[in-house]
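Each chain is listed here by its residues.
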Amino acid sequence: MRWVILVAIQPLLTSILFGQTDTLATYYLKEVVVEDKMHQAITGLDEVYMDSMILSNAEGASFAELARGGGFQEFRAYGTNGLALPSLRGTGSSHTALLWNGINLQSPLNGSADLSLLTINRSDQISIVKGGSTTQFGNGAIGGAIQVTNTADYGKGISVFTSQEAGSFGNHDAKYGLQFSNQKVSIEGSYFLRSLDNDYPYTNRHTIQRDEEVRENAALQQYGITGELEYRLNDENIIGVRLWVQSNDFEIPSPVFSTPVIASQRDETNRYMGYWTFGKSDYSISFKTAYLTHLTAYENETIRQASESEFVSSVNKLEFERYLNENEHLIFGLNYRYDEANSNSHAGSPVRDTYAGYGSYLLSIASFNVNLGVRQEIFDHLLSPFLPAVGVNYKITSAVSLKGSASKNYRIPTFNDLYWSGAGGEGNPDLLAESSFNVEFGMVYDKPSTFNFRSTAYRYDVDNWIQWRPDGSSNWTPDNIKNVLSKGIDSRLELVIRQSSAINLKTQVAHLWSVVTNKEVSMLGNPKEKGKQLTYTPIHSGSVVFLMDSKPLNTVIGWNYVGEQYTEGENLSIRSLAPYSTLNITLSKSLSILKHEISVKGSLNNLLNKQYENRRGYPMYGRNFLIGIIANVNK
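The notes below deal with the structure included here. (Residues numbered from 1 in each chain as written. Predicted model: local features only at pLDDT ≥ 70, side-chain atom pairs only at ≥ 80, totals over all residues. Heavy atoms only, no water.)

1. What to know about the pairing of strand β14 (residues 237-251)
The pairing of strand β13 (residues 220-232) with β14 spans 13 bridges and is antiparallel. Across the sheet, the residue bridging to Leu229 is Val241, located in β14. (Pairing = 2+ DSSP bridges. Helix = DSSP H or I, 4+ residues; strand = E, 2+ residues; numbered from the N terminus.)

Here is the structure:
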């Protein structure tokens, strides 16, 4: 295939994901560490890590479920087994990069990454970066990025693990795995499966009588394997391979106010990665290559309609990091990505070659850090806009610091936007790329291990926002309809209430005030939408999470709030979704028997049995439960 040739002849055309710590005190690299530089704290931007207590119960859960349980409300779900898409600070789902060990998993077909298909392991590290990150992550990171990192653990011997979970509405999860590591090699492999009948009761708010009904045609079947092999050649070199193969079959329920149809979708994903890292005391070099495929097959039995689409991507990245001295840090790299689409719903088989160069310079003087970044991309033989970025961090006292950033960002149209030629729609090859200017300023008050408060005021101006609209007949087509202004205040508090050898108590409180409006609407758009809030974007959302880690019992209690959401562009209240809040609780108990570990857990979700919708016509679960057991046999 063409991608094989390109991998062979383009080993130097690779890219960097970079970030930096707030200080360069750790000047010397004491050992080789396999990570992307953006997994370090990012100057001027917000980066939040998912708590380890929440991740400890992650086996079998999707990222969307984990995020809601952890109090992250900027992820919107279409019902209980449908799409789950990010909307960081009110941006669109195609404005957030999803990175798997530094490789962007955004689909070149639709620009999104379905978080309901992202299965999480307890050993993963997850962080969410908020703010314009295109200069670091490339095309499609106007709103930020989600980073999922697998970590190797050396010197642990052999262990076999399994997890079994069962819950409401026919929910069953199972996972089986094997781990082995010594001082030179780390191997891990697992097989997972999940089934969900999803026949749950709900109140149909779209009938006059508000009938009590049962949701049907919403079942889910999911299974797959993950694997990792990492080998330390010596003190300076590490090589490794990773794989993630997954299959998802799910029924697609209709909105409850429409005539039911019988539809289903099958997703087959294959992800393979190889990497090498070389590290010295003051510099490091790393190379990654990845091969990604995603097949989607849709079938509507009611109207006898079927479609199938697949994309194939190869990604190669080379990055170089150098500590010039204790105050200066330099990172730069190159990237090459090849995307190809094969579909009966596209005009031809579109391909795209994307080349990118990237650089970062971090200067740290006393209590002041400044980072300067640039990125330049070439796609389809066209030069993209030059992307500069600046981030600053100033430490006023040992606990108080100010931070800020400004950046230019962009997103190129997807293959669907440009070349779709299927039932109900037609692409537009004349679309312009979306572009944005992002600026934010914030304050951080941090008392390590006791108290952390951060609040950020931001403003994003996004021009040429792409929107699909009716073209006057029964077809839909995309156009550069809107200029969107997103502004707001993003705040988060993490408080350690008590910390001792017997018990750890802490709480996390988050609030987002986000006003996302149509600043201008083109002649092709609806003038009544000017100045109105974007659909499915609440002005207020927030959460409170209480975590207790103790010897007798671990407890996670989460309260989530989502404000009113408009379902159409003119913001008619009669068609809006009412505000709602949910209360969830998870209890777990861990035991150690002859060095073997057994953990039992139970979750009660939507404890108050709140009836609500995240999308109009797609009711969510009422009260439901999940119980499970995780066993690790170590040798």
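2. Here we look at unusual backbone geometry
The backbone phi angle of Asn198 is positive, close to 65°, even though this residue is not glycine. Following the sequence through the fold, Asn198 ends up in the loop between β10 (185-196) and β11 (201-203). Accessibility expressed as a relative area gives 0% for Asn198, which makes it buried. Despite not being glycine, Ser449 shows a phi value in the positive range, around 70°. Of note, Ser449 is situated in the loop between β24 (434-447) and β25 (451-470). (Buried < 20%, exposed > 50% of the residue type's maximum accessible area, 1.4 Å probe, protein only.)

3. Regarding the nonpolar core
Of all hydrophobic cores here, the largest spans 41 residues; its most connected members are Met50, Phe63, Phe75, Leu115, Leu118, Ile120 and Ile126. Considering each element in turn, this core owes the most residues, four residues, to helix α3 (residues 63-69). Counting residues in each nonpolar core, the second largest holds six residues, with Ile142, Val462, Val516 and Leu534 among its members. (Core = buried A, V, L, I, M, F, W, Y, C linked by side-chain atoms within 4.5 Å.)

4. Digging into empty space enclosed by the protein
Throughout the structure, instances matching the rule amount to nine cavities of 30 Å³ or more. The wall of the second largest cavity is formed by 29 residues, among which Asn104, Gln106, Asn139, Arg337 and Asp339 lie closest to the centre. Broken down by secondary-structure element, the contributors of at least two residues to the lining of the second largest cavity are β5 (103-104), α4 (134-137), β17 (305-325), β18 (328-343), β19 (351-365) and β20 (368-379). Take the lining of the second largest cavity: its biggest share by element is three residues, from β18. (1 Å grid on protein atoms, 1.4 Å probe; cavity = no way out; pocket = protein on both sides within 12 Å on 5 of 7 lines; lining within 4 Å. Points joined across faces, edges and corners; volume = space filled by probe spheres on them.)

5. Regarding the packing of aromatic side chains
With the rule as written, the count across this model stands at 16 aromatic pairs. Taking 5.3 Å as the distance between ring centres and 45° as the angle between the ring planes, the aromatic pair formed by Phe320 and Phe332 counts as tilted. Placement of Phe320 in strand β17 and of Phe332 in strand β18 is noted, with a sequence separation of twelve residues between them. Assessed through its relative accessible area of 21%, Phe320 is described here as partly exposed. Using a relative accessible area of 41% as the deciding quantity, one classes Phe332 as partly exposed. Measuring from ring centre to ring centre gives 6.1 Å for Phe415 and Tyr419, while their planes differ by 45°; the resulting arrangement is tilted. (Phe/Tyr/Trp six-rings, centres within 6.5 Å; stacked < 30°, edge-to-face > 60°.)

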